[in-house]
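# Examining the three-dimensional arrangement
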Amino acid sequence: MSFLDVLEQTSALPEMYLTLPTEELHKRAEVARQKLGNRVYILGHHYQKDEVIRYADATGDSLQLSQIAAQQTAETIIFCGVHFMAETADILTTPEQNVILPDMRAGCSMADMATFSQTERAWEELQEVFGDTILPLTYVNSTAAIKSFVGSHGGATVTSSNAHQMVEWAFTQKPRLLFLPDQHLGRNTASDLGIPLEQMAIWDPIRNRLELNCATEDVRVILWKGHCSVHMNFLPKHIENLRQNDPTRRILVHPECTHEVVTASDDNGSTSYIIQQIQKAPAGSKWAIGTEMNLVNRLIADNPHLDIVSLNPFMCPCLTMNRIDLPHLTWVLEELVEERIVNPIKVDQDTQHNAKLALERMWHHLG
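Residues numbered from 1 in each chain as written. Predicted model: local features only at pLDDT ≥ 70, side-chain atom pairs only at ≥ 80, totals over all residues. Heavy atoms only, no water.

Identification of the protein as Quinolinate synthase from Tetzosporium hominis is taken from an unreviewed UniProt entry. Per UniProt, the protein carries the Catalytic activity (unreviewed entry) text "iminosuccinate + dihydroxyacetone phosphate = quinolinate + phosphate + 2 H2O + H(+)". (UniProt positions renumbered as here; feature names shortened; annotations may be inferred.)

Laid out in structure tokens, this is it:
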């Protein structure tokens, strides 16, 4: 689905909600939530604002929340996250259930860096170069259309938590893999598994070309030229500054950061891994965390016994995640009280079928 298609589906937030005081919005949200009872289940991604997270029935990362959605009997799932996450929830819930994204403008720049038409074109050209030797994998941070493409070509989804296991599995299926849409997670994972950087090519979907550092026959991993705009803001110079000025501070980053940043850090892992490391950290320990700022601020607030800072002192929260706010959440709740569903997310049946194949291959392999 293109951004214009999304805009066509969008119901605009009534201006009244933008003028209400925060206290009044909370009051109205709480009243509506109470009236709806178990008819509604609210999911909140770790990167959401505190004003939204307080209403979440469950918090977690994107796939974890979609799996939780699949276990619910509520008529409506409100997904406080971004578009691709709500799509995955719609794929995994029943046709009778509704999935709502409070603000359709809450997208993901990484997911938008791989469109279905770009991927089809790339696949045709890569088949001409490499023949039937490639298995596609896609990070779950991708659109339903990309998950569907991967599922229809024998591939699977991966998460930042299981990327190592899934890449190892991919190499039992084919001698090469295409990793969509985040080049950095793909590069960091393949490097951890011992694949030299020079055996990793990059597919540039804008220029429609393959960028090589070795002979064609030596390529083992083809990385889609996409990235997370948040994690790209952590730079080697931030680590250099900390090493010089605060050498006892442990640096923990997300694997969506560049290879240079991940390599220079003390540790790296998924959002869930970062949270777990902080939860079990000894009192008084010092940390610099390289991930989204809403989460970092929440970790700071929830762990006063630790000394936590952002790896980038000038970091801002994810702009698209922050589209979901208290006015939008209050609005969709009050609309549901009136039996009106705004901003529903619906994935067509063909796309759902193949996307679910990609997800199921991941779960089957991981047992």
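Alright, that's what it looks like, and here's the rest.
To continue, consider the environment of Trp-169. Note that Trp-169 resides in helix α9 (residues 163-173). Residue Trp-169 is classed as buried on the basis of its relative accessible area, which comes to 12%. Those residues in contact with Trp-169, other than ones at most four positions away along the chain, are Leu-135, Leu-137, Gly-154, Ala-156, Arg-361 and His-365. (Helix = DSSP H or I, 4+ residues; strand = E, 2+ residues; numbered from the N terminus. Buried < 20%, exposed > 50% of the residue type's maximum accessible area, 1.4 Å probe, protein only. Contact = heavy atoms within 4.5 Å.)

It is worth spelling out the sheet that holds strand β5 (residues 134-139) at this point. Read from one edge of the open sheet, six strands run β6-β5-β7-β10-β8-β9, paired in mixed fashion. Whereas interior strands pair on both sides, the edge strands pair on one side only; in this sheet they are β6 (156-158) and β9 (209-211). Between one strand axis and the next, the sheet turns by 30° as a mean value, whatever way the strands run. One ladder, built from three bridges, connects β5 with β6; its direction is parallel. Note on β6: the bridge partner recorded for Thr-138 is Thr-157. (Pairing = 2+ DSSP bridges. Axes fitted to C-alpha atoms, helices over the stretch in contact; angles between N-to-C directions.)

In total, this model carries two aromatic pairs according to the counting rule given. Between Trp-123 and Phe-149, the ring centres sit 5.8 Å apart and the planes meet at 80°, which makes this aromatic pair edge-to-face. Of this pair, Trp-123 sits in helix α7 (residues 116-130) while Phe-149 sits in helix α8 (residues 144-152), and the two are 26 residues apart along the sequence. Of the two residues, Trp-123 and Phe-149, both sit in the buried class. Taken together, the aromatic side chains of Phe-116, Trp-123 and Phe-149 make up a single cluster linked through ring pairs. (Phe/Tyr/Trp six-rings, centres within 6.5 Å; stacked < 30°, edge-to-face > 60°.)

As a further point, take the pattern of salt bridges. The tally for this structure, following the rule as stated, stands at 17 salt bridges. Between Lys-174 and Asp-132 there is a salt bridge; the shortest N-O distance is 3.0 Å. Of the two residues, Lys-174 sits in the loop between α9 and β7 (176-180) while Asp-132 sits in the loop between α7 and β5, which places them 42 residues apart along the sequence. The class of Asp-132 is exposed, set by a relative accessible area of 58%. (Salt bridge = Lys/Arg side-chain N within 4 Å of Asp/Glu carboxyl O.)

This part is about the UniProt feature "binding site: iminosuccinate" (unreviewed entry) in the protein. Look at the UniProt record and you will see "binding site: iminosuccinate" (unreviewed entry) annotated at His-45, Ser-62, Tyr-139, Val-140, Asn-141, Ser-160, His-254, Pro-255, Glu-256 and Thr-271. Here Ser-62 shows up in helix α5 (residues 62-70). Relative accessible area serves as the criterion here: at 9%, Ser-62 is assigned to the buried category. Each residue touching Ser-62, except ones within four places of it in the same chain, is listed here: His-45, Phe-79, Phe-84, Met-85, Val-140 and Asn-141. By the secondary structure assignment, Asn-141 is in the loop between β5 and α8. A relative accessible area of 12% means that Asn-141 is categorised as buried. Beyond its immediate sequence surroundings of up to four residues, Asn-141 is in contact with Ser-62, Phe-84, Met-110, Ala-111, Pro-181 and Glu-256.

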